[in-house]
Each structure stands twice: as structure tokens, then as C-alpha cells.
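Examination of the molecular architecture
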Amino acid sequence: MRIARAAFRLACLGVVLTLVGCQSDNTAQLDGTVKLAGEPLDKGSIAFAPADGQGQTAGGEITNGKYSVKVPVGVMKVEIRYPKVVGKKKDYDAPGGKYYDLYEESLPPKYNDETTLTVKVQRGKNQKDWDLGK
């Protein structure tokens, strides 16, 4: 009887550890490049959200045209942002009246707010390059 209980407990523990292991990391590595008119984006951001609206999101920086992000496995909507300085504004509350940069999104909404971009992320390492045209 004692051995049967111990075996049952051990089996339950094995099931629990297996389930926890399966759920703990449902992400995969996604690396790639982002180009605009054939040239790498010098600085920007990339974000991933589940296409079905359910689950975790992920994102990261684009530097010298490259990104590397851990992304949930599945079909993801992709938003790419490339803000550019369009002017300066004076901060009247700061001592000495300091100026700060004003930014504006330089990419069309189809790449961010109204994205049409998607990627299917699978377990393991994934590679996806984007050339956003002109």
C-alpha cells in the first residue's frame, strides 16, 4: 500500500512537472532585418501581437536594420515603427527653457497602426526579413 501511494505521488509529480515545462516557455527566437527602400533602418521598433488577439505580445528595438526578439509561438501581427525628428519644442517648465525633439512616425499606417504584416513563429529559431519598399 505504501509503495503504491509513493508511486502514485511520483507519477502525479511527473505529470505536474511535464505540464509546467510545456507551459513555461511557449516562445521562440525571431531574428531578422528591416529595410526601407533597400536601406537598413538605423533605429526603430518592432512589435508582435497574436493575430487572434489572445495571448502575450513581444517587441524590441531595431538597430542598424537588425532585430532579435523572443516571440510567442503562433501567427503574429507585426508593427514596425520608424520615428523621425520633425522639429523642436521648448519645455517652459525646465530651468533655462530647454528644448526637446518632436517625433513623427515616418512609415505608412499599413506597417504599424493599420498593420497588414504577419509572421508565423515556430518553435526553435526563426528568421524574418522585411523590406518595406519606398
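So, here is what we can say about the structure in this document.

Conventions adopted
Residue numbering note: each chain is counted from 1, following its sequence as written. At least 70 in pLDDT is required for a residue's local features to be given in this predicted model, at least 80 for side-chain atom pairs to be given and counted, and no such filter applies to totals for whole chains, interfaces and linings, which use all residues. The side-chain quantities take in all heavy atoms of the structure and omit both hydrogens and water. We count a stretch as a helix when DSSP gives it H or I for four or more residues in a row; a strand needs E for two or more, and each element gets its number in order from the N terminus. Only protein chains enter the accessibility calculation, which uses a 1.4 Å probe; a residue is then buried when its area is under 20% of its type maximum, exposed when over 50%, and partly exposed in between. Note on contacts: a residue pair qualifies if any of its non-hydrogen atoms lie within 4.5 Å across the two residues. Using a 1.4 Å probe, accessible areas were evaluated by the Shrake-Rupley method; residue-level cover was limited to the displayed protein chains. Salt-bridge detection follows one rule: a side-chain nitrogen of Lys or Arg within 4 Å of a carboxyl oxygen of Asp or Glu.

**Quick notes on the overall build of the protein**
Per the secondary structure count, the protein includes one helix and 11 strands. Tracing the protein from N to C terminus, the helices and strands come up as α-β-β-β-β-β-β-β-β-β-β-β. Within the span of the protein, comprising 134 residues, buried residues form 25% of the whole. Considering only contacts in the protein between residues 6 or more positions apart, those separated by 24 or more positions represent 62%. As displayed, the protein has an accessible area near 9,400 Å², and 54% of this comes from carbon and sulfur atoms.

**Remarks on the environment of W130**
Tracing the backbone through its elements, the reader meets W130 in strand 11 (residues 130–131). Judged by relative accessible area, W130 falls into the buried class, the value being 7%. Residues W130 and L36, 94 residues apart in the sequence, show an inter-C-alpha distance of 8.4 Å. Sequence-distant contacts of W130, that is, excluding residues within four places in its chain, are made with T33, V34, K35, I46, Y67, V78, I80, L117, T118 and V119.

**Section: the pattern of salt bridges**
As enumerated under the stated definition, the model contains five salt bridges in all. Between K43 and E61 there is a salt bridge whose closest N-O contact spans 3.4 Å. Placement of K43 in strand 3 (residues 43–50) and of E61 in strand 4 (residues 58–63) is noted, with a sequence separation of 18 residues between them. The class of E61 is exposed, set by a relative accessible area of 54%. Through salt bridges with shared partners, a single ionic network connects E79, R81 and D113.

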